[in-house]
Amino acid sequence: MKRQRFIKWATYVSLTTALTLVLAGCAAKGGEATSSTDSSAAAPAVAKPVEGGELTYALATSPDTLDPGASGFAVSHRVFRNITDSLVVQLQDGSFQPWLATEWTKSEDGKTYTFKLRQDVKFQDGTPFNAAAVKANFDHITTSARGQAKSLIGPFESAEVVDDYTIKLILSQPFEPFLSGLSSAFLGISSPQAIQQYGDQYGKHPVGTGPFKFVSWTENDEIALEKNPDYNWGPPTADNRGPSHLDKLTFKIVPEEATRIGSVQSGQLLAAEAVPPQNIAALKNDPQFQVDQAITNGTAFSLYFNLKSDIWSDIKARQAVQLAVDVDTIVKTLYLGTYDRAWSSITPGLLGYDASLENKIKPDLDKANQLLDEAGWKKGADGIREKDGKKLILRYLDGSPNREKRNDIAAIVQQQLKAIGVNVTLNITKDTSTPLKEGNFDLFGNSQVKADPDVMRSIFQSGKEYANGGTNWSNLSDPEIDKLLDLGSEESDLEKRKEAYTKIQQYLIDHAVILPIYVFPYTVAHPKTVEGLKFDLLGYPQFYDVSIHK
Amino acid sequence: MAGTIVTRLLTSLLVVAGSSMLVFLIMYVLPGDPVLQMLDGNATSPEAIADLRHQLGLDQPFYEQFSRYFIHLLQGDFGHSRITQDPVLPKILEQVPATLALTFVSAAVSIVVGILLGVLSAIHRNGIIDVLARFVGLFGISMPSFWTGILLLLLFSIKLGWFPAMGSGSWKTLVLPGIALGLVGAGFIVRMVRNTMLEIISEPFILTLRAKGLAERAVMYRHALRNSLIPALTMIGVMIGELLSGTVVIETVFARQGIGRILADAIMAKDIPVVQGVVFFTAIIYVSVNVLVDISYSLVDPRIRRST
């Protein structure tokens, strides 16, 4: 029976196709924290906000969970920031103001924080907000296995209820980034009643004290929130104090960028995040639309050298690469002037950013060639340098999919380094974690989002190598840097902290440990009728002040 | 007849079980440590990593993980997503209707457009319709569905505003993705039907029919078309597999719900229980459609009914 044989054959072919698809997509995505930040997006002065209406906002990816204490995704933060409030709020200048806490004190030894809480606040389910509720949140976080919250509280030890509206948070050692962590929505306060009621399904039924209440979450489609009419405790960063202007806030999950941006252009949605550079210019020229850009603070996207690599443990070789890579050209070519070039390991919005590094390194091929000559690398017949019969190879590791055109950066670097006789081999893979763990790479690109320069401690401190579950991609191990990182984490004198971070940033550039490339702007496109959209220090959008004009 | 169906059902079970096992094996041997990925650099210590690995049962030998998975599967327990902690089965069941609706609409587009154009182009060989049909055939086969999808979207949704660009609520949301995906299948069917029709038209029995004075319409539609349908039916069975894999991309482009979209996300995140679950369901849909196609042969072709 010919026909049956054809069916069988066809079945195998289709199954193989399906399996190939699965295979092609498989593998790990490597260590990468996403997120975004803020600043330049000052909304025009709003005359008088219009009440009512629904803001539809397209997200590029889907949240993992809406339980702030368990989530690791920036996109989740964008959603649950509206549902939960924090004890304190961090201003653009890095200082802190009261929010759910009215005041706080830090003990002499820097290990105990005592917060006085607002007494007029209620959760959306009617549960009163008090010290016991805050304690229940910290207990919830410390028992959960993962999420950003756990790393934000650092050496947190215990929470102690002093009286109904006073709580003590006790650390095992001083930890200066603590307040910054507390201001994040990852440490937003949830209703203890809801945490208990929903158990491990709490992430699907979040309840907080925030300006918007959770309504529903249809997976891969939308997350619907509505106004919390009782809200009366807006943070000092907002113009509003009472309930939100919007009646409804709906997040649509639209991964394809053409669909996401097109929906805003055609009026099917009111706002979309992650606007591609090629659309930014066009939308900016359209009188009906506006593109807000907010800098994502944390570490800039940088290329990290693997200091344990045979060839690239030599500082002269690294410096040659530093001088040969023309970062300005890369950033201008790929992002059409919509991204800023980075000069340091951290972004300009962070405490202690060292502006003296700007324009310090300029491309200089002669000097680069000279450095490689000095290091004993001689050009071979094929233009690639050699030493003791070994070729000068740079194994460049980058993640896939091609987020923010990072794979294109790799391709340009490969071209540029040919000029000084370095052979760059590209390894673009979904599974960056295996080569990172095994040390099979020389250069790796990454960025992290955090509101405090202490973010560098997890990236540059010895003992936090990737193989140990940390994020020290460079395998940097220098007791001097370790000491400075600890000092930055524990020192309460602001000037001394800044000084420590300045020294670290200069070390990273002077020793060519990293090549900073760009600072990522979080972008939002919306018609000009949408007003009052603001961004916090991390570049997360704030919807509380938003209103929609006719 | 009944015997054939029972045999087909039994082999179908083997196909479903086999594909699940293969995928389990592939996901197991693929590089990438799901635990490191879950923690995403947030691990506090090697002990925390070991803890989570133990919690997920990933520290056990392969055969134990494998047998445990299948024993649970037989009990109807598909496990929990490693990212969201949700149970996998309800998560998939919630999304299956959207994918079935899309597959159904795109299959309808493929079959209607494919058969209609295939027949017309065979009848009007080398005419304008034939040229058009051959263009549709070539276009459907060679254009990736996501690209067609984006073009349709730009024109009919963003420029003209006739259809929504995204979502999976009303029937309107099915039109553009249904066409984008359906054109791929239509491309295959047009070519298949056209070729078979041309072959059959040149056969002696058609000449006989014409000689006995049967109207041309009856010759074409009652005799030539019915005889051309068997290969087309087989094609449709296979095509369902193509359509199901196409939903992975199309559901993402049109921001629709569906199991293809969950699969894409789960693969990226190496969320193995979810990948397993979706593959299992896809295999079931694929196999069921092919059983139906087998059964329908006998309806179309009496010779098959008699021979079994």
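Values in this document were obtained by computation on a predicted structure and should not be read as measured data.

Student: Help me understand the overall build of chain A, please; the structure alone is not making it clear to me.
Tutor: When you go through chain A residue by residue, the secondary structure sums to 16 helices and 26 strands. Against the 2.2 N^0.38 benchmark of 24 Å for 550 residues, chain A shows a C-alpha radius of gyration of 25 Å, consistent with a compact globule. With the principal axes as the frame, chain A shows a C-alpha extent of 80 × 75 × 55 Å. In chain A, which comprises 550 residues, the proportion classed as buried is 58%. Contacts in chain A between residues at least 24 apart in sequence constitute 71% of all its contacts with a sequence separation of at least 6. For chain A, the exposed surface amounts to about 21,000 Å²; the carbon and sulfur share of it is 51%.

Student: I'm lost on helix 4 (residues 62–74) of chain B in this one. Help?
Tutor: Because each turn of an α-helix spans 3.6 residues, side chains separated by three or four positions end up pointing in the same direction. Residues and elements named next belong to chain B. Along its 13 residues, helix 4 runs 18 Å from first to last C-alpha, staying within 8% of the 18 Å computed at 1.5 Å per residue. Considered for burial, the residues of helix 4 that qualify are Gln65, Tyr69, Phe70 and Leu73. Along helix 4, the residues classed as buried sweep out an arc of 120° about the axis, all on the same side. Exposed positions of helix 4 whose direction lies more than 90 degrees from the buried face are Tyr63 and Leu74. The secondary structure elements touched by the buried residues of helix 4 are helix 1 (2–29) and helix 12 (272–300).

Student: Mind showing me how you'd approach the domain arrangement of chain B here?
Tutor: Taken domain by domain, chain B holds domain 1 (16–74) and domain 2 (96–257). When each unit is reduced to the centre of its C-alpha atoms, the spacing between domain 1 of chain B and domain 2 of chain B is 41 Å.

Student: I'm lost on the UniProt feature "transmembrane region" (unreviewed entry) in chain B in this one. Help?
Tutor: Residue and element names in this part refer to chain B. Per the UniProt entry, the sites bearing "transmembrane region" (unreviewed entry) are residues 9–30, 100–123, 135–162, 174–193, 229–254 and 274–300 in this numbering. Counted over residues 135–162, helix gives 82% and strand 0%. Its end C-alpha atoms are 25 Å apart. For residues 229–254, the helix share is 96%, the strand share is 0%, and the end-to-end C-alpha distance is 33 Å.

Quick notes on the rules
Residues numbered from 1 in each chain as written. Chains lettered and ligands numbered in written order. Predicted model: local features only at pLDDT ≥ 70, side-chain atom pairs only at ≥ 80, totals over all residues. Heavy atoms only, no water. Helix = DSSP H or I, 4+ residues; strand = E, 2+ residues; numbered from the N terminus. Rg over C-alpha atoms; globule rule 2.2 N^0.38 Å. Buried < 20%, exposed > 50% of the residue type's maximum accessible area, 1.4 Å probe, protein only. Contact = heavy atoms within 4.5 Å. Areas by Shrake-Rupley, 256 points an atom, 1.4 Å probe, with all protein chains shown as cover. Expected span 1.5 Å × (residues − 1). Arc of directions from axis to C-beta. Domains from an automatic or database assignment. UniProt positions renumbered as here; feature names shortened; annotations may be inferred.

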